[in-house]
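Listed here are the chains, written in short residue letters.
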Amino acid sequence: MAPKPTTNDRPWLMRTYSGHTSASASNELYRMNLGKGQTGLSVAFDLPTQTGYDSDHPLARGEVGKVGVPINHLGDMEALFHEIPLERMNTSMTINATAPWLLALYVTTAERQGVNPAQLQGTTQNDILKEYLSRGTYIFPPEPSVRLVTDVITYTVEHIPKWNPTNVCSYHLQEAGATPVQELAYALSTATTILDAVRDSGQMDADSFTAVVGRISFFVNAGIRFIEETCKMRAFSAMWEQIVSQRYGVDDPKLQRFRYGVQVNSLGLTESQPENNVQRIVLEMLAVTLSKRARARAIQLPAWNEALGLPRPWDQQWALRMQQVLAFETDLLEYDDIFDGSPVIEAHVTELIEGAQTEMERVATQGGMVQAIESGYVKRELVTSHTERLRAIERGDLKIIGVNCFQETTESPLTSGSDSGIMKVDAKAEQEQIQSLQAFRASRSQAEVDTALSALRDAANNGDNIMHSSIQCARAGVTTGEWSEVLRKVFGEYRAPTGIDISAHDKGQSTAAEKIRDRVQKTGEELGRPLRLLIGKPGLDGHSNGAEQIAVKGRDVGFEIVYEGIRLTPKQIVRAAQEEGVHLIGLSILSGSHTGLVTEIALELKQAGLARLPLIIGGIIPEDDAEQLQAQGISAIYTPKNVDLNAIMADIVDIIRRHNGLEPFDQAI
Amino acid sequence: MTTVSDTLPDPAELASSVAEGKRPALATALNLLDDRRPEARKIAARYLALLAGKRQATRSHLIGITGPPGAGKSSLTSALIPIWRNRGLRVGILAVDPSSPISGGALLGDRLRMKTSFDDEGVFIRSLAGRGEQGGLSAEVWPMCLSMLATFDITVIETVGVGQSEIDIAKMSDTTCFVAQPGSGDSIQFLKAGIMEIPHILVVNKEDMGAAARKTLMDIRAATGREYSGEEWSVPVLSVSSTQGSGIEELAAQLDLHHDWLATRNLIEPRRRQFQAEWILKRLRQEFGSFGVAQLQTQLQTAHSGLDRLIGEGDSPFEQYESLRARLLTAWNRD
Ligand code: B12
Ligand SMILES: Nc1nc2c(ncn2[C@@H]2O[C@H](COP(=O)(O)OP(=O)(O)O)[C@@H](O)[C@H]2O)c(=O)[nH]1
Ligand SMILES: [Mg+2]
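Everything numeric in this text was worked out from a predicted model, so none of it was measured. (Residues numbered from 1 in each chain as written. Chains lettered and ligands numbered in written order. Predicted model: local features only at pLDDT ≥ 70, side-chain atom pairs only at ≥ 80, totals over all residues. Heavy atoms only, no water.)

Colleague: Outline the overall build of chain A, supporting the account with residue identities and numerical values.
Modeller: Counting its secondary structure elements, chain A contains 26 helices and 15 strands. Rg of the C-alpha trace for chain A: 25 Å, near the compact-globule value of 26 Å for 669 residues, within the 12% margin. Taken over 669 residues, chain A has a buried fraction of 62%. Considering only contacts in chain A between residues 6 or more positions apart, those separated by 24 or more positions represent 78%. (Helix = DSSP H or I, 4+ residues; strand = E, 2+ residues; numbered from the N terminus. Rg over C-alpha atoms; globule rule 2.2 N^0.38 Å. Buried < 20%, exposed > 50% of the residue type's maximum accessible area, 1.4 Å probe, protein only. Contact = heavy atoms within 4.5 Å.)

Set out below in structure tokens:
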């Protein structure tokens, strides 16, 4: 029997991932959340900030302040932390391609608050590799991007020793469909890639390198299969310990510890019967807290309305209270590890470790994680896993309550309020942000800005650590867009493999899919040529899962599919539709910027003489917007509750038929 | 209900607009050439005949790029585009991807690699699925190329170099360029054994991979190395990196050289005429078998070569083709 320890375990850091509208609105929210007992901050930036555009850039239109806070310059960063004393704060920033820049702004803000940067505590996510695989906010090609990651690491280890310079993320891999084995393998391969790069950069001596090893932290996911997820956390701990001691020769047990934060699974949170998400979230939280030996250091939870839209302060409060009940009401923190010695747990941990090691070797033989990403291998593996997951839901083998079973429900009072149960960002916010940006630009010394930017360019070209010149830029009043533009010119831009070129997943599949295949073929014959679809992802939105799965399914039922990945402009999409002679355009938009983008695309189509081409859209589309879009001529709208991909495909055939004067089949599959 | 013919374009108008280089017209033409309905085929043949009448002042170079999947054909094309664009040349690309043998569907993924073309009016990319032609190029490819050649200075066909398509593309392009990647032993074996027709230009891509790339380069040079007589085109073996951009200028120069080599010998037109005839005969053979073709020869009282010439020298070979086809169909229906 494990004895009760004399001192209880300390509770983990409790955060909510938040930010929206503007720096000052987000500051207000943060101070309110801290007042409610939240113990750290987790900043969500808007997509222009994450992809290196100022709020007034054409590509930022409709995205400013939507899914996070816009930070254009030092003034915004100062407003974000107004009256929040940074020396006492633990701030996590979900920032990647522009991580050196946002860290530079944070450091400069601290200086201006009179805080010594060496005291700062917190985390920059700064894990670029998973951006190519899942999260989508990369800018530059992998090689220079890895260098920027290592620059942040070497800088902070020397100057901000308590900072977590990189959070190696398996979280986003699970959100893109990864199995536990894949999460383990790809996250650990990423960690060794980064550590190897730091070691080989020649920027540090052996002692500093040992310190770096101890600063590597992880950001992990916990899904609904919470026993297996507990085992995964234990597997992570065991494997990391081994890597640290064997690969890097670091033997201090404190430096070998697998330190991780968590956001629990959101992919499995549903639009139908959204109240069920609460129990999912709580069970998932158990996975990362039950085992003391593998307990999370920091947790942030999604809200019950995850699949509906952005959470309101009350929704986030509910999620925070879940953590507080577990930590402070239950006896969880009073015990030592309750799984030690369990042969069942042990056996599954071993199985996961073996699976992960095999996959890690496969990546290593391809030359490492960077090569396996560039070749498309890892992305294909993820898309394959996600496809398998969706097919299992389709077949009913994977049960999701309220979605593919127990669908009957009484109307929910949660969603019947006047705001439909989600947060809406005021459309005026974008204009105000642009005005304040322009005023800021007018107020600074252009000469200082130019000098700072040219120092940045030199550092980028010479291989000097990018942090010093970035801090100089922050002080001079450089903007996010200017900083990024300099690096875009030096490093170039990148498009990642889409991973949809996987082998067919329609072997021995449902008769439904076969029926649709006949309809696709017959319609193609009637219209003279095989049916073609363009799947388009306009705007800065990086949510690619839906588009990928629609593309794979479309191919599997016989469509010819054109899909060019994320972040295309309306013009690019319409050009591709024209050049490829497609029969229908399907857009996928989850970032909330659908209204503006659809209007732009409709306009471009008209100019290209393609006004008659049917347009459909899928993603996070609130009901009010759906009505408006339909009035604009959108033929169909799909949201997360439309999990039956065969039904969507059957619809698409009928939409094409109607647009071409053919009778629709109209029968359910 | 709309009928087919009112959605089909007017062939004369279409031919003029395509010859003038109008993008929407080219898109319409490509859709038409893809259309298998009898009414559409007739209009398509007329359109091609009218288009052939409009001589172009373009440089008009048809380049076939072939090689195994993943060798970097799309990346290489993408790297070539800016070089041509900087010289003011307009570029059309026809990218052929394999279809799923099970569903008949396809993922047309080559565009993704050709990102340089995104906002450039001087570049036009059309993808095409292989559509189960036993590894060969589908029937639409040749007429589509003709349409592109009428509009662009350079037309590139990219196809996966497996099976029949390898031969098909060589029997179509002015210049065939084969792309190999480091460690591709198969290609070398095929070259050695003479299974693979020797292309006009051999490229080893991914030279940034170092030793492996150098070894493949040497192996290929050894497999193809021979003395060329003054009369022959001597096949260059080049080393490039599409992602780093090295060797691409040299490749562009070699492509030019080969075009000039053909042009100074007045070979471009005759080769294209011959390819066209062979293409049409092949189509007839695919549809009606050797028996059908033999029957045609008897009917027309001509030998194979006569049939060849008939198709090759008429002013509108595709109309010829449609009428030969019609002849066979009626003959067969009578029996
Ligand atoms: C998975 C996920 C992620 C993954 C994405 C991985 C990937 N490569 O796709 C990760 C973790 C990376 C991620 C990140 C972010 N996310 Co997110 N994410 C989700 C989540 C949980 C699920 C989305 C999903 O993939 N579902 C599975 C797929 C198969 O479903 P789907 O896309 O909905 O598609 C279905 C239908 O909608 C439809 N459909 C969709 N597209 C199309 C297209 C066509 C043609 C057709 C016919 C049908 C169709 O058919 C599909 C079949 O059912 C949602 C919440 C939720 N549960 O829905 C939030 C959500 C979309 N994310 C959100 C946010 C804010 C973000 C971030 C922007 C946060 C930030 N500030 O940094 C980041 C940045 C991402 C970026 N670069 O844009 C918000 C968006 C808020 C809004 N619209 O108002 C959501 C709604 C969560 C929330 N409530 O806050 N996310
Ligand atoms: N290292 C390296 N990789 C390349 C090069 N050219 C292409 N690739 C990669 O090879 C893969 C296949 O390229 P792609 O152009 O799609 O090949 P295709 O199938 O022949 O068209 C992609 O992952 C490219 O990034 C190169 O010159 N060097
Ligand atoms: Mg290709």
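Colleague: Account for the sheet that holds strand 5 (residues 154–160) of chain B, with residues named and values stated.
Modeller: The strands that make up a sheet pair up through hydrogen bonds in the backbone, lying either parallel or antiparallel. Residues and elements named next belong to chain B. With parallel pairing, the seven strands of this open sheet are ordered in space as 4-2-5-1-6-7-8. Every interior strand has two partners, whereas the edge strands, strand 4 (123–129) and strand 8 (237–239), have only one. Sheet twist, expressed as the mean angle between neighbouring strand axes with direction ignored, is 20°. Summarising the sheet, strand 2 (residues 91–97) and strand 4 pair through seven bridges and their orientation is parallel. Counted as the bridge partner of Val91 is Val123 from strand 4. (Pairing = 2+ DSSP bridges. Axes fitted to C-alpha atoms, helices over the stretch in contact; angles between N-to-C directions.)

Colleague: Any details on empty space enclosed by the protein? Residues and values, ideally.
Modeller: Residue and element names in this part refer to chain A. Applying the stated criterion across every chain, the model contains five cavities of 30 Å³ or more. There is about 150 Å³ of room inside the largest cavity. Every residue lining the largest cavity is counted, 19 residues in all, and those nearest its centre are Tyr132, Tyr138, Pro497, Ser544 and Ile566. Here the lining of the largest cavity gets four residues from one element, more than from any other, and that element is helix 5 (residues 129–135). Both domains that furnish three or more residues to the lining of the largest cavity are identified here as domain 1 (13–375) and domain 2 (511–659). (1 Å grid on protein atoms, 1.4 Å probe; cavity = no way out; pocket = protein on both sides within 12 Å on 5 of 7 lines; lining within 4 Å. Points joined across faces, edges and corners; volume = space filled by probe spheres on them. Domains from an automatic or database assignment.)

Colleague: Can you tell me about the packing of helix 7 (residues 141–151) of chain B against helix 12 (residues 268–300) of chain B, naming the residues and giving the values?
Modeller: All names here are of chain B. Taken N-terminus to C-terminus, the directions of helix 7 and helix 12 make an angle of 150°; their axes are 11 Å apart at the nearest point. Overall, the two elements helix 7 and helix 12 adopt an arrangement that is roughly antiparallel. Counting all contacts with helix 7, which are made through Trp142, Pro143, Leu146 and Leu149, the residues of helix 12 involved are Arg272, Phe275, Gln276 and Trp279. The class makeup of the residues in the contact of helix 7 with helix 12 is six nonpolar, one polar and one charged. (Parallel < 35°, antiparallel > 145°, perpendicular 65-115°, else oblique. Nonpolar A, V, L, I, M, F, W, Y, C, P; charged D, E, K, R; others polar.)

Colleague: Could you give an account of the site of ligand 2, with specific residues and numbers?
Modeller: Around ligand 2 there are 18 residues in total, and Gly70(B), Lys73(B), Ser75(B), Asp208(B) and Ser242(B) lie nearest to it. The residues that come close to ligand 2 belong to more than one chain, namely chains A and B. Here an oxygen atom of ligand 2 sits 2.7 Å away from a polar atom, N or O, in the side chain of Lys73(B). Within the side chain of Asn205(B), one N or O atom sits 3.0 Å away from a nitrogen atom of ligand 2. (Near = heavy atom within 4 Å. Polar contact = N/O pair within 3.5 Å; in protein donor to acceptor, adjacent residues only side chain to side chain.)

Colleague: Tell me what's going on with the pattern of salt bridges, and back it up with residues and numbers.
Modeller: If the charged atoms of two oppositely charged side chains come close together, the side chains can form a pair. For the structure shown, the criterion picks out 59 salt bridges over all chains. Where Arg475(A) meets Glu111(A), a salt bridge forms, and the shortest distance between an N and an O atom there is 2.9 Å. Here Arg475(A) is found in helix 19 (residues 466–476), whereas its partner Glu111(A) is found in helix 4 (residues 99–112), with 364 residues between them in sequence. The exposure class assigned to Arg475(A) is partly exposed, which follows from its relative accessible area of 49%. Note that Arg325(B) is salt-bridged to Glu287(B), the shortest N-O span being 2.9 Å. Within this pair, whereas Arg325(B) is found in helix 14 (residues 317–334), its partner Glu287(B) is found in helix 12, the two being separated by 38 residues in sequence. Judged by relative accessible area, which is 34%, Glu287(B) ranks as partly exposed. Within the structure, one salt-bridge network assembled from shared partners comprises Arg532(A), Glu560(A), Glu564(A), Arg575(A), Glu579(A), Glu580(A), Arg23(B), Arg111(B) and Glu121(B). (Salt bridge = Lys/Arg side-chain N within 4 Å of Asp/Glu carboxyl O.)

Colleague: Break down the environment of Pro117(A) for me, with residues and values.
Modeller: All names here are of chain A. You can see Pro117 is positioned in the loop between helix 4 and strand 5 (121–124). The spatial distance from the C-alpha of Pro117 to the C-alpha of Trp163 is 10.0 Å, given a sequence separation of 46 residues. Ignoring sequence-local partners within four residues, the contact set of Pro117 consists of Val107, Glu111, His159 and Ile160.

Colleague: Describe in detail the environment of Tyr138(A), supporting the description with residues and values.
Modeller: All names here are of chain A. Within the secondary structure, Tyr138 sits in the loop between helix 5 and helix 6 (142–159). The class of Tyr138 is buried, set by a relative accessible area of 6%. With 101 residues separating them along the chain, Tyr138 and Met239 place their C-alpha atoms 28 Å apart. Engagement of the side chain of Tyr138 in a polar contact is seen with the backbone nitrogen of Ala496, the distance being 3.1 Å.

Colleague: Lay out the coordination of the cobalt atom of ligand 1 with the relevant residues and their values.
Modeller: You will see that the cobalt atom of ligand 1 has only one donor from the protein, His543(A) (NE2), lying 2.1 Å away. Inspection of the secondary structure puts His543(A) in the loop between strand 11 (532–536) and helix 22 (545–556). (Donors = N, O, S within 2.8 Å, 3.2 Å for Na, K, Ca; no water.)

Colleague: Just give me the short version of the pairing of strand 4 of chain B, but keep the residues and values in it.
Modeller: Burial of strand 4 of chain B is extensive: seven of the seven residues sit out of reach of the surface. Along strand 4 of chain B, one buried face is formed by Val123(B), Ile125(B), Ser127(B) and Ala129(B) and the opposite face, lined by Phe124(B), Arg126(B) and Leu128(B), is buried too.

Colleague: Any details on the packing of helix 4 of chain A against helix 19 of chain A? Residues and values, ideally.
Modeller: All names here are of chain A. Relative orientation of the contacting elements helix 4 and helix 19 amounts to 60°, with a least axis distance of 8 Å. Here helix 19 runs oblique to helix 4, going by the angle between their axes. Once helix 4 is placed against helix 19, the crossing between them reads as right-handed. When helix 4 is examined against helix 19, the residues Pro100, Trp101, Leu103, Ala104, Leu105, Val107, Thr108 and Glu111 are found in contact with a partner set consisting of Ile466, Met467, Ser470, Ile471, Cys473, Ala474 and Arg475. Among the residues making up the contact of helix 4 with helix 19, the classes are represented as eleven nonpolar, two polar and two charged. (Left-handed = near helix turned anticlockwise from the far one by under 90°.)

Colleague: Mind laying out the domain arrangement of chain B, listing which residues take part and the relevant values?
Modeller: Residue and element names in this part refer to chain B. Once the domains are mapped, chain B shows domain 1 (1–54), domain 2 (57–264) and domain 3 (267–335). In this assembly, 22 residues from domain 2 lie in contact with twelve residues from domain 3. Between domain 2 and domain 3, a total of about 1,400 Å² is buried, with carbon and sulfur atoms accounting for 56% of that surface. Its largest share of buried area at the contact with domain 3, domain 2 owes to Trp142, Lys171 and Leu262, together 40% of the area lost on that side. Taken together, the connections running from domain 2 to domain 3 amount to three salt bridges. For Lys171, the salt bridge goes to Glu278, with nearest N and O atoms at 3.7 Å. Residue assignment for the side of domain 2 that touches domain 3 shows that the elements contributing at least two residues are strand 1 (61–67), helix 7, helix 8 (164–170) and helix 11 (248–264). In the side of domain 2 that touches domain 3, the residues fall into twelve nonpolar, six polar and four charged. (Buried area = accessible area lost by both parts, 1.4 Å probe.)

Colleague: If you had to explain the confidence of the model for chain B to someone new, which residues and values would you point to?
Modeller: Any residue range with low pLDDT should be treated as having predicted coordinates unsuitable for detailed reading. All names here are of chain B. For chain B, per-residue confidence averages 84 on the pLDDT scale, and residues scoring 70 or more make up 84% of the total. Averaged over each element, pLDDT in chain B is lowest for helix 13 (residues 304–313) (62) and highest for helix 11 (96). We note a pTM of 0.95 for the whole complex and an ipTM of 0.92 for its interfaces. (pLDDT = per-residue confidence, 0-100.)

Colleague: Provide a residue-level description of the pairing of strand 4 (residues 90–93) of chain A, including the pertinent values.
Modeller: For a regular strand, side-chain orientation follows a simple rule: the groups alternate between the two sheet faces. All names here are of chain A. Residues Asn90 and Ser92 point to one face of strand 4 and Thr91 and Met93 to the other, with burial holding for every one of them. Bridging between strand 3 (residues 41–43) and strand 4 involves three bridges; their strand directions are parallel. Residue pairing for strand 4: Val43 is matched across the bridge by Met93. Bridging between strand 4 and strand 5 involves four bridges; their strand directions are parallel. Opposite Asn90, over in strand 5, you have Gln121 as the bridge partner.

Colleague: Lay out the site of ligand 1 with the relevant residues and their values.
Modeller: Residue and element names in this part refer to chain A. As a matter of local geometry, ligand 1 sits amid 43 residues, with Arg135, Glu306, Gly309, Gly542 and His543 nearest to it. Within the side chain of Tyr17, one N or O atom sits 2.8 Å away from an oxygen atom of ligand 1. Between Ser134 and ligand 1, the recorded distance is 2.8 Å, taken from a backbone N or O atom to a nitrogen atom. Of all the secondary structure elements, the ones that give two or more residues to the shell around ligand 1 are helix 2 (47–51), helix 5, helix 7 (171–175), helix 22, strand 13 (584–589), strand 14 (615–619) and helix 26 (645–659). Looking at the shell around ligand 1 residue by residue, the classes come out as 20 nonpolar, 19 polar and four charged. Formed jointly, the shell around ligand 1 draws a minimum of three residues from each of two domains, domain 1 (13–375) and domain 2 (511–659).

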